[in-house]
Every structure is written in structure tokens, then in C-alpha cells.
Amino acid sequence: MEKACIDINELVNVFSNNHGAVYQSDKLNCFYIDFGGKFARFNCLSLQKLKKVVEQIDIEDLLLNTKRADFELVTFNGCEHIYLLSALEIVALKDLLQGTFTMLKLNHLISDCLYRLVY
């Protein structure tokens with residue numbers, strides 16, 4: 001999906017690092033990942049699955065095993081997006097997804113605390 005098809009004013013930046021960003025669309029009830037030259041749309045469940053798949057990649061084995069390539073194909077069942085990533089890109093994507101979920105949890109905690117104070 002191209003960025004030109006989406007109104008950037010409707011997207012909220014959830015988290016970003018030097019390699020990419022994750023945006024939230026409340027109107028469309030989805031997330032967009034801008035990473036590795038790709039702008040991809042994910043629903044909440046797919047974003048959680050992507051995080052789980054990326055966290056299961058053994059970076060140390062990827063770098064030390066001489067019998068395999070230094071790249072990993074990242075996808076999961078039901079996902080229309082495929083990422084072919086180097087070890088450094090995997091680390092950057094891990095950081096991006098961990099930061100995203102940390103910010104989402106933080107937002108939930110703040111909202112919960114504010115709701116308790118008001119009511």
C-alpha cells in the first residue's frame with residue numbers, strides 16, 4: 001500500500017526509530033508499519049503475530065551458522081506481507097515492535113489511571 005493513498009493527518013505515530021515507524025489509524029482500526037522501504041497495513045492481531053515471529057528469530061544463530069544465509073524470511077500464516085531481512089534489520093524491527101507495544105501498554109495504563117481519577 002502506498003503512502004499516497006492514506007491521509008497522513010489521520011495517522012497517529014505510535015513509535016518510531018531510525019529505521020522505521022508504526023502508525024495507528026483510529027478511523028480504519030489498523031496499524032501501518034513503515035519499515036524497509038515498505039508501508040504495510042496490519043490489524044491488531046496481525047501486528048501481535050508479527051512481533052511474536054520476529055522475537056522468535058535467533059540472531060546469534062543467524063550470524064554464527066555458516067551453513068545458512070545471513071538473511072531471514074519473515075512472514076506468518078494469514079499475512080500478505082513478506083520481509084526479507086538481514087540480521088541488523090531484524091534487530092531494528094524487533095526494536096520497533098517492542099517500542100510500539102511498550103507505548104501501547106503505557107497509553108493503556110495512563111488511560112486507566114485517568115479514568116479511575118475521574119470516576
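Use the structure listed above.
Caption draft 1: Quick look at the overall build of the protein. Looking only at helices and strands, the protein features three helices and six strands. From first element to last, N terminus to C terminus, the protein shows the α and β order β-β-β-β-α-α-β-β-α. Taking all 119 residues of the protein together, the buried fraction comes to 36%. Here the analysis covers contacts within the protein between residues at least 6 apart in sequence; of these, 46% occur between residues at least 24 apart.

Caption draft 2: Geometry of the nonpolar core. Counting 25 residues, the largest nonpolar core has I33, F35, F42, L50 and Y83 as the members making the most contacts within it. For this core, the elements supplying multiple residues, two or more each, are β3 (30-35), β4 (38-42), α1 (44-55), α2 (59-64), β6 (83-86) and α3 (87-118). The element that contributes the greatest number of residues to this core is α3, accounting for seven residues. In contact with F35, not counting residues within four places along its chain, are H19, G20, Y83, L85, E89, A92, L93 and L96.

Caption draft 3: Examining α1 more closely. With twelve residues, α1 should reach 16 Å at 1.5 Å per residue; the first-to-last C-alpha distance of 17 Å fits that figure. Residues of α1 that are buried include every one of S46, L47, L50, K51 and V54, and no others. The buried residues of α1 all sit within an arc of 140° when viewed along its axis, so they share a single face. Looking at α1, the residues exposed on the side facing more than 90 degrees away from the buried face are L45 and K52. One side-chain oxygen of the residue at the start of α1 lies 3.3 Å from the amide nitrogen of L45, identifying that residue as N43.

Caption draft 4: Structural view of a nonpolar patch on the surface. A cluster of nonpolar side chains, namely F71, L73, I82 and L84, defines an oily patch on the protein surface of about 430 Å² accessible area. Tracing the backbone shows F71 in strand β5 (residues 71-74). Residue classification places F71 among the partly exposed residues on the basis of a relative accessible area of 47%.

Caption draft 5: View of the side chain of H81. For H81, the location among the structural elements is in the loop between β5 and β6. For H81, a relative accessible area of 10% translates into the label buried. Within the structure, the side chain of H81 is placed 3.2 Å from the backbone oxygen of R41, a separation counted as a polar contact. Filtering out sequence-adjacent residues up to four positions away, H81 remains in contact with K38, A40, R41, F42, V74 and T75.

Basis of the calculations
- Residues numbered from 1 in each chain as written.
- Predicted model: local features only at pLDDT ≥ 70, side-chain atom pairs only at ≥ 80, totals over all residues.
- Heavy atoms only, no water.
- Helix = DSSP H or I, 4+ residues; strand = E, 2+ residues; numbered from the N terminus.
- Buried < 20%, exposed > 50% of the residue type's maximum accessible area, 1.4 Å probe, protein only.
- Contact = heavy atoms within 4.5 Å.
- Core = buried A, V, L, I, M, F, W, Y, C linked by side-chain atoms within 4.5 Å.
- Expected span 1.5 Å × (residues − 1).
- Arc of directions from axis to C-beta.
- Polar contact = N/O pair within 3.5 Å; in protein donor to acceptor, adjacent residues only side chain to side chain.
- Patch = residues over 30% accessible without salt bridge, like charges linked within 9 Å, V, L, I, M, F, W, Y side chains within 5 Å.
- Areas by Shrake-Rupley, 256 points an atom, 1.4 Å probe, with all protein chains shown as cover.
- Salt bridge = Lys/Arg side-chain N within 4 Å of Asp/Glu carboxyl O.

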